[in-house]
Amino acid sequence: MQSKRWMQTTFFPKDSDVPEKFRGGGVELADTLIGGKLRHWDGPYAEVRSPICTIVEGDSEPRPLVIGRTPLMDETAALEALDAAVQAYGQGNGEWPSMSVANRIEHVEQFFAEMRNHREAVVELLMWEIGKTRKDACKEFDRTCDYINDTIHELKVLDRRSSRFEIVGGVVAQTRRLPVGVALCMGPFRKSFPPGVINIIFGRGRDTVGPLMKSGKVDMFAFIGTHRGASALKQMHPKPHRLKAVLGLDANNPAIVLPDADLELAVSECVTGALSFNGQRCTALKLLFVHDSLADRFVSQLSEAVNELAAGMPWEQGVSLTPLPEPGKIGFLSELVDDAIAKGASVVNPGGGEVNGTYFHPAVLYPVTAEMRIYHEEQFGPVIPVVAFSDEQEVIDHVRNSSYGQQLSIFGTDSDMVGRLIDLLANQVGRINLNAQCQRGPDTLPFNGRKDSAEGTLSVSDALRVFSIRTTVATKSSDSNRDLVTSIVRGRQSKILTTDYLF
């Protein structure tokens, strides 16, 4: 059985398995990008630890491999980067916001070409730094490429629409999309963009992000994390009413398996939905509600399916389960499992919840009840709680009373019942998946959430709109004004800012 195989798996690679660049302290990122210049960092550094452990000579216990160091920037350095961004924006008159859409697209395409040349390096880092399997790491990189391509296409469409003047109620008007202002962004290759457009900040959040928010110079806040963290950071801003935000926060996505569900399909989708990237996705299935008429069979097949998954190192072919990157995660997951067991649940799959270094073997918990922590808390890891229900109202009440509202999945074939649940729950979550796991994508579809799960909506088109703001240019419809507008359109390129999120 697979359960025995993982127990025999070596999660501590040999020195020969570790790439040369990750040995002896790993890669040192000695430069910071501020104001379009790479500057040598002379301050303290933070170690980047891999979830993959090694046994060092003289040690009795394995420890996470240190694969590199990054600058541990302080408040002064963070504010310097912020000032560079503020200067580059220039209250909307900087080089980037003043640039035509066509020229901005050229810069993004230059970055895109550079990025694709580094595909293998990025995939390798995703495997060693956060434990993603090679297959998932490749998929993440390729999906990012598709997202950029789709965004460029959508930007061109939006630009054509926005550049037109319309006559509405006797008024000639053009609605332009202009920058929100300064936003926190991920830093790509510096030579692809004008100086100051992209600035990179490393360091502890309390030393860098807090001062940035308190400065009041941040106009756009993009954040993925907990709702408590987002609320605390937003409250630091001196003028929160000016702060535009798009937030991806906590989730506790349930699956609802109805009595007439295709059992084989439901089990397959729930295993993938709960354990893809070890369940460390906001869109992962976190709580499985299964009708009591098939709960025992579902749990038995679910346990067998989990035991068929291969565990090992991220670069090994066919591996689905890998070590966990987050410090303290194994202890937290063990606490959730112990709490559930103490209150009446069992770990039904062989080896579930057992630990090998930084590897936590998936635990299927059943039966789970509302008294258990795992019923309410997001595990963000390989623990699969199964709740048996007899009346659909139990599930409806849970979804309605939950603090979270990102997604849910419904498994069933009765169109009347499925349709009723959709009508009752559509106002509770951002997406309902039918006979499929929760997921993000395709990226042309909205990605959002309700309650404490999100703020704002993201998709290719929504991102362009969320990270920009509209300004209308209007005049009364008269012969002279129409002639003026025509001259403007013919004589100048429209300068519509799209999104600071990608551009």
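Whatever comes next refers back to the structure up there.
Reading the values: the criteria
- Counting restarts for each chain, with residues numbered from 1 along the sequence as it is written.
- For a predicted model such as this one, the threshold for reporting local features is a pLDDT of at least 70, and the threshold for listing and counting side-chain atom pairs is 80 or more; totals across whole chains, interfaces and linings nevertheless cover every residue.
- Side-chain numbers here rest on the full set of heavy atoms in the structure, without hydrogens or water.
- In this description, strands pair whenever DSSP reports at least two bridges between them.
- Runs of H or I in DSSP of at least four residues are treated as helices and runs of E of at least two as strands, each being numbered from the N terminus.
- Any pair of residues with heavy atoms lying within 4.5 Å of one another is described as a contacting pair.
- Note on method: axes are straight lines fitted to C-alpha atoms, helices fitted across the in-contact stretch only, with angles between N-to-C directions ranging 0 to 180 degrees.
- Residue types Ala, Val, Leu, Ile, Met, Phe, Trp, Tyr and Cys, when buried and joined through side-chain atoms within 4.5 Å, form a set referred to as a nonpolar core.
- Exposure categories follow from relative accessible area, calculated using a 1.4 Å probe and restricted to protein chains: below 20% of the type maximum is buried, above 50% is exposed, and the middle band is partly exposed.
- By definition, no residue in a patch forms a salt bridge, and every one has over 30% relative accessible area; like charges are joined within 9 Å, nonpolar side chains (Val, Leu, Ile, Met, Phe, Trp, Tyr) within 5 Å.
- All accessible areas in this document rest on Shrake-Rupley with a 1.4 Å probe, and a residue is counted as covered only by the protein chains that are shown.
- Within this document, salt bridges are pairs made up of a side-chain nitrogen of Lys or Arg and a carboxyl oxygen of Asp or Glu, the two lying within 4 Å of each other.
- Counted as positive: Lys and Arg. Counted as negative: Asp and Glu. His and the chain ends are not counted at all.
- Every charge is mapped to an atom, namely NZ of Lys, CZ of Arg, CG of Asp or CD of Glu.
- For the purposes of these results, a polar contact is taken to be a pair of N or O atoms within 3.5 Å, where, inside protein, one atom must be able to donate a hydrogen and its partner to accept one; residues adjacent in sequence count only when each atom of the pair is a side-chain atom.

Draft legend 1. Here's a closer look at the sheet that holds strand 9 (residues 244-248). If you walk across this open sheet you meet the three strands as 8-9-21, and the pairing is mixed. Whereas interior strands pair on both sides, the edge strands pair on one side only; in this sheet they are strand 8 (220-224) and strand 21 (454-455). Judged from the two bridges that link them, strand 9 and strand 21 form a sheet pairing that is antiparallel. Note on strand 21: the bridge partner recorded for Leu-247 is Glu-455. With respect to the sheet, helix 8 (residues 227-236) is in contact with strand 8, strand 9 and strand 21, its orientation differing from that of strand 8 by roughly 160°.

Draft legend 2. The arrangement of the nonpolar core in detail. Judged by nonpolar contacts, the single largest core of 30 residues is most densely connected at Phe-360 and Ile-374. Contributions of two or more residues to this core are made by strand 11 (287-291), helix 11 (329-342), strand 15 (363-366), helix 12 (373-376), strand 16 (383-389), helix 13 (392-401), strand 18 (407-411) and helix 14 (415-425). For this core, the leading source of residues is helix 11, giving five residues. In this structure Phe-360 touches Leu-324, Ile-330, Leu-333, Ser-334, Val-337, Gly-353, Glu-354, Val-355, Pro-382 and Val-383, once residues within four positions along its chain are discounted. If you look at the next biggest cluster of nonpolar residues, it comprises 29 residues, including Val-271, Leu-288, Leu-294 and Tyr-366.

Draft legend 3. View of the environment of His-40. Note that His-40 resides in strand 3 (residues 37-40). Along the chain, His-40 and Pro-71 lie 31 residues apart, while their C-alpha atoms are 9.7 Å from each other. When residues no more than four places from it in sequence are discounted, the contact partners of His-40 are Ala-30 and Asp-31.

Draft legend 4. A look at unusual backbone geometry. Cis geometry marks the peptide bond from Tyr-366 to Pro-367, where omega comes out at -10°. You can see Pro-367 is positioned in the loop between strand 15 and helix 12. That bond from Gly-441 to Pro-442 is cis: its omega, -5°, falls within 30 degrees of zero. With respect to the secondary-structure elements, Pro-442 resides in the loop between strand 19 (431-434) and strand 20 (450-451). The backbone phi angle of Asn-278 is positive, close to 55°, even though this residue is not glycine. With respect to the secondary-structure elements, Asn-278 resides in the loop between helix 9 (263-275) and strand 11.

Draft legend 5. A positive patch on the surface, seen in detail. A grouping of Lys-156, Arg-160, Arg-161 and Arg-164 is seen on the molecular surface, where their side chains present a positively charged patch. One can find Lys-156 in helix 6 (residues 134-162).

Draft legend 6. Representation of the pattern of salt bridges within the structure. This structure, assessed with the given rule, holds 19 salt bridges. Ionic pairing is found between Glu-28 and Arg-69, a salt bridge with its closest N-O pair at 2.1 Å. Separated by 41 residues along the polypeptide, Glu-28 in strand 1 (residues 27-28) and Arg-69 in strand 5 (residues 63-71) bring together distant segments of the chain. Since its relative accessible area comes to 31%, Arg-69 is described here as partly exposed.

Draft legend 7. Fine view of the side chain of Thr-151. Here Thr-151 is to be found in helix 6. Of the residues examined, Thr-151 reaches a relative accessible area of 1% and is grouped as buried. From its side chain, Thr-151 meets the backbone oxygen of Tyr-147 in a polar contact 2.7 Å long.

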